[in-house]
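# A look at the structure
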Amino acid sequence: MSKLYLSGNQAIAYGLIHAGVRFITGYPGTPSSEIIPAAQDIVKSSALKAYVDWAINEKVAYEVAYGACLANIKSAVTMKQVGLNVAMDPFMNSAYVGTVAGFVVISVDDPGPHSSQTEQDSRFMAMAAKIPALDPSTVEEAYDFAKKAIELSEKYSIPVMLRSTTRVSHGRAVVEVDDVAPEDIIKPHFKSSKDWAKQLSRFAATPKQRLELHRILNKKIEKIAEQNKPKFFFSGDILILSSGVVFAYLYELIEEYGLHDKVTLSKFDMPYPLSKNIINFKEKFSRVISVEETYPVIELQLDTEGRRNGLVPREGELTPEVCEEILEKIDLIKRTKTFNVLPLKRPSLCPGCAHRIALFAVKKVFGKKTIYAGDIGCYTLALNFNVTDTVLNMGASVSFGFAFSKTFALGQKEQEVVAIIGDSTFFHSGIPPLIDAVHYRVPFLVVILDNKSVAMTGNQKTLSDEFSSSGQPVTPIVIENLVKGIGVNFVHVVDPYDFDLSVRTLKEAKNFLKKKEPAVIVFRHPCINTKEGLSANPKYNVQISKELCKGCRVCTVEFECPAIIFNEDEGKAEIDSAFCIGCGCCIHVCPTKAIALI
Ligand code: SF4
Ligand code: SF4
């Protein structure tokens, strides 16, 4: 054994590799993104034979990793909680079909939410799919439970979910990990095609055979539930049931307030599936309350108090402060201090980000009356300067572009529509709705902001790269070729730093839309947070003339570069040299030409 200082996501990666997992895929999404890079590092430093890399989206990632488990290699797939929605089809089906080698589904939830569209509970999805879900409370447990998930999966031939949350995945602790994985798990257990036992009634089951698979699945779940025993701490008259990081908060609060003889705290390592027979709680305790994040998974299975009678808030993260409020509501404590949360500065695109100048050009040409359908990525921040009217989920900008354009056409009204999507989001799920738009001849502009990176989740590589994130040479997918290939007749690639060309191309696209078919402009400029982006960027000296500046705030409000500040005393804009990276984009923005290169 050795001790390592790890984040929860790194601990999960170590747990998987030490359990013999040699095939991991996933799609990046905060708070899960660090698992794959951490696993790649371990594989590289230990010279293991393994496949660890990103997939185009969560559904594909799931199918590829699950397929590997059917081919008898221990495998795992990683995603954030909303990514699980994308993978729901194979997620549900794989429960019926079961596994050959161990298979773990890692879904990291974002109660709060801090960086997600929803704060849905992956345990709830596991319950819907009838897949057991482990819920670590600490970074150490993240390591242990990754190994435990593989054991459980192999024991019952069932996919097992490892549900983490932001606080566990992004927390850090010293974790005791195995030194060397045993020899037998370093060698992958591949079976040759000769060994592949064809089981059509399982792997290619007909609807009738699916009924039998469902029966088998129900039996597995019953068995797992019977053996799923909770742990008990302290000994009081009120029983609080919990799992995940909330258990750790409650444990500390009970210690801090000396509630040892008032509360019995119970922890479920695996909050689904539970059997009502496991604890005879109703007779032994005066009250039984489930305190869990974010859906009532334990509460519904064991029919306890909790969210449904208003003791536990129905939305938001269960922070230690919220857990304290819950203990106060149960009349166990009287809080002596309250916490004031300081307001956060709203996030903004980085200084020099090419998305900003591209979107400024889009707004200049298409104006305020256009509907801008936005998407998930850094460019969602175009909300700040009014170039985004809708954000739903990955790829929905193109579907909404279709919907808005069609709807106005049905009402015989002229309406310009622009869909704004990033390169990786386009690969993820923007392509199918664009195919529909071509097929049904729906006129709207699709702006693809291509910064050659999945920037928002930590600059992972996209499919247009020549090397995968694990360093393998791969075939780059060229967005403009793909778009032309599906039949888009207006396809242009522009570097948005060339502002005049951007404006000219946008005007051409606007004109082209009169032909009643979709148009695509790819604005391509590498993210300035990558090595390539930073080295390729110009380094201009930019100044704002106090004489010419009229204080209109276009540069600070409509363009919103964080390196431009507004001096309220003087009523003039100024460049903050500490933040300015000298991209020179702002010289195109000022209506009085006060911003210039020197
Ligand atoms: S856009 Fe030009 S005039 Fe307006 S505040 Fe900025 S520098 Fe001053
Ligand atoms: S040059 Fe202008 S746009 Fe670029 S970072 Fe500096 S202030 Fe911002």
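Residues numbered from 1 in each chain as written. Chains lettered and ligands numbered in written order. Predicted model: local features only at pLDDT ≥ 70, side-chain atom pairs only at ≥ 80, totals over all residues. Heavy atoms only, no water.

For the protein chain, an unreviewed UniProt entry supplies the name Indolepyruvate oxidoreductase subunit IorA and the organism Thermodesulfovibrio autotrophicus. In its Function (unreviewed entry) section, the UniProt record describing the protein chain reads: "Catalyzes the ferredoxin-dependent oxidative decarboxylation of arylpyruvates." (UniProt positions renumbered as here; feature names shortened; annotations may be inferred.)

Across its full length, the protein chain holds 22 helices and 21 strands. A compact globule built from 598 residues would reach a C-alpha radius of gyration of about 25 Å, and the protein chain, at 27 Å, matches this within 12%. For the protein chain, the spread of C-alpha atoms along the three principal axes comes to 80 × 70 × 55 Å. Residues classed as buried in the protein chain amount to 55% of the 598 residues present. In the protein chain, once contacts between residues fewer than 6 apart in sequence are set aside, the share between residues at least 24 apart is 76%. Carbon together with sulfur atoms contributes 55% to the accessible area of the protein chain, which is approximately 26800 Å² in total. (Helix = DSSP H or I, 4+ residues; strand = E, 2+ residues; numbered from the N terminus. Rg over C-alpha atoms; globule rule 2.2 N^0.38 Å. Buried < 20%, exposed > 50% of the residue type's maximum accessible area, 1.4 Å probe, protein only. Contact = heavy atoms within 4.5 Å. Areas by Shrake-Rupley, 256 points an atom, 1.4 Å probe, with all protein chains shown as cover.)

As a rule of thumb, soluble globular proteins bury nonpolar side chains together. Formed by 93 residues in total, the largest nonpolar core has its most connected members in L16, I24, Y62, F91, I106, I240 and V291. Broken down by element, the residue count for this core peaks at nine residues, all from helix 7 (residues 139–156). In contact with L16, other than residues within four places in its own chain, are V21, I24, I35, A76, V104, I106 and A146. (Core = buried A, V, L, I, M, F, W, Y, C linked by side-chain atoms within 4.5 Å.)

For strand 10 (residues 238–242), the tally of buried residues reaches five of five residues, placing the bulk of the element in the interior. Alternating residues of strand 10 divide into I238, I240 and S242 and L239 and L241, and every residue in both groups is buried. Here strand 10 pairs with strand 11 (residues 263–267) via five bridges, running parallel. Considered in strand 11, the bridge of L239 is made with T264. (Pairing = 2+ DSSP bridges.)

This brings us to the side chain of Q40. Relative to the assigned elements, Q40 resides in helix 2 (residues 35–45). Look at Q40 and you get buried, because its relative accessible area is 12%. Those residues in contact with Q40 that sit more than four places away from it in its chain are V52, D53, S469 and S470.

On to unusual backbone geometry, then. Following T30, the chain continues into P31 via a peptide bond in cis, with omega recorded as 15 degrees. Here P31 is to be found in the loop between strand 2 (23–26) and helix 2. In the segment running from G112 into P113, the intervening peptide bond is cis, with an omega of -25 degrees. Positive phi, close to 75 degrees, is recorded for N72, a residue that is not glycine. Its place among the elements puts N72 in the loop between helix 3 (58–70) and strand 4 (75–80). According to the relative accessible area criterion, N72 is buried, its value standing at 15%. Positioned with a positive phi, K593 is a non-glycine residue whose angle comes to about 60 degrees. Inspection of the secondary structure assignment puts K593 in the loop between strand 20 (572–575) and strand 21 (595–597).

With that out of the way, let us pick up the sheet that holds strand 7 (residues 160–165). The strand order across the open sheet built from six strands is 3-2-4-5-7-6, with neighbouring strands paired in parallel fashion. Only two strands of the sheet have a single partner each, and these edge strands are strand 3 (51–54) and strand 6 (133–134). Here strand 5 (residues 103–109) runs beside strand 7; their pairing, made up of six bridges, is parallel. By the bridge assignment for strand 7, V104 is matched with V160. The strands touched by helix 7 within the sheet are strand 4, strand 5, strand 6 and strand 7, with strand 7 carrying the most contacts at an inclination of about 165 degrees. (Axes fitted to C-alpha atoms, helices over the stretch in contact; angles between N-to-C directions.)

All right, on to the UniProt feature "binding site: [4Fe-4S] cluster 2" (unreviewed entry) in the protein chain then. Within this structure's numbering, the places UniProt gives as "binding site: [4Fe-4S] cluster 2" (unreviewed entry) are C561, C580, C583 and C586. Look at the named residues: they lie 26 residues apart in sequence, but the longest C-alpha span between them is just 10.9 Å, so in the fold they bunch up. As for the annotated residues named above, the ones lining the largest cavity are C561, C580, C583 and C586. Considering the arrangement of structural elements, one finds C561 in the loop between helix 22 (554–558) and strand 19 (564–567). When residues no more than four places from it in sequence are discounted, the contact partners of C561 are P351, R356 and C555. Within the element layout of this structure, C580 appears in the loop between strand 20 and strand 21. Looking at C580, the relative accessible area reads 26%, which means it is partly exposed. (1 Å grid on protein atoms, 1.4 Å probe; cavity = no way out; pocket = protein on both sides within 12 Å on 5 of 7 lines; lining within 4 Å.)

With that settled, consider the site of ligand 2. Near ligand 2, the surroundings consist of 14 residues, among which C561, C580, C583, G584 and C586 are the closest. The cavity that encloses ligand 2 is the largest cavity. (Near = heavy atom within 4 Å. Sits in = over half its atoms within 2 Å of the grid points.)

The subject of this paragraph is the layout of surface pockets. There is about 880 Å³ of room inside the largest pocket. Forming the walls of the largest pocket are 42 residues, and the residues nearest its centre are S115, Q117, I376, G377 and M456. Of all the secondary-structure elements, those providing two or more residues to the lining of the largest pocket are helix 4 (81–86) and helix 18 (423–439). The element best represented in the lining of the largest pocket is helix 18, accounting for five residues. Looking at the lining of the largest pocket residue by residue, the class counts come to 17 nonpolar, 22 polar and three charged. (Points joined across faces, edges and corners; volume = space filled by probe spheres on them. Nonpolar A, V, L, I, M, F, W, Y, C, P; charged D, E, K, R; others polar.)

Another point: the sheet that holds strand 16 (residues 490–494). Read across the open sheet, the five strands follow the order 13-14-15-17-16; overall the sheet is parallel. Each edge of the open sheet is held by one strand with a lone partner, namely strand 13 (371–373) and strand 16. Shown here is a sheet whose adjacent strand axes are inclined to one another by a mean of 20 degrees, direction ignored. The pairing of strand 13 with strand 14 (residues 417–422) spans three bridges and is classified as parallel. For A373, the partnering residue across the bridge sits in strand 14 and is A419.

We now examine the packing of helix 1 (residues 8–18) against helix 7. Between helix 1 and helix 7, the shortest axis-to-axis distance is 7 Å and the interhelical angle comes to 25 degrees. For the element pair helix 1 / helix 7, the angle class is roughly parallel. Relative to helix 7, helix 1 is oriented so that their crossing is right-handed. Facing helix 1, whose interface residues are G8, A11, I12, Y14, G15, L16 and H18, helix 7 presents V139, A142, Y143, A146 and K147. Considered class by class, the residues forming the contact of helix 1 with helix 7 number eight nonpolar, three polar and one charged. (Parallel < 35°, antiparallel > 145°, perpendicular 65-115°, else oblique. Left-handed = near helix turned anticlockwise from the far one by under 90°.)

Following the criterion strictly, the structure yields 15 aromatic pairs and no others. Seen in terms of ring centroids, F233 and F247 are 5.2 Å apart; in terms of plane orientation they differ by 50 degrees. Their pairing is tilted. With F233 in strand 9 (residues 231–233) and F247 in helix 12 (residues 244–256), this residue pair connects regions lying 14 residues apart in the sequence. Judged by its relative accessible area of 24%, F233 falls in the partly exposed class. The class of F247 is buried, set by a relative accessible area of 8%. (Phe/Tyr/Trp six-rings, centres within 6.5 Å; stacked < 30°, edge-to-face > 60°.)

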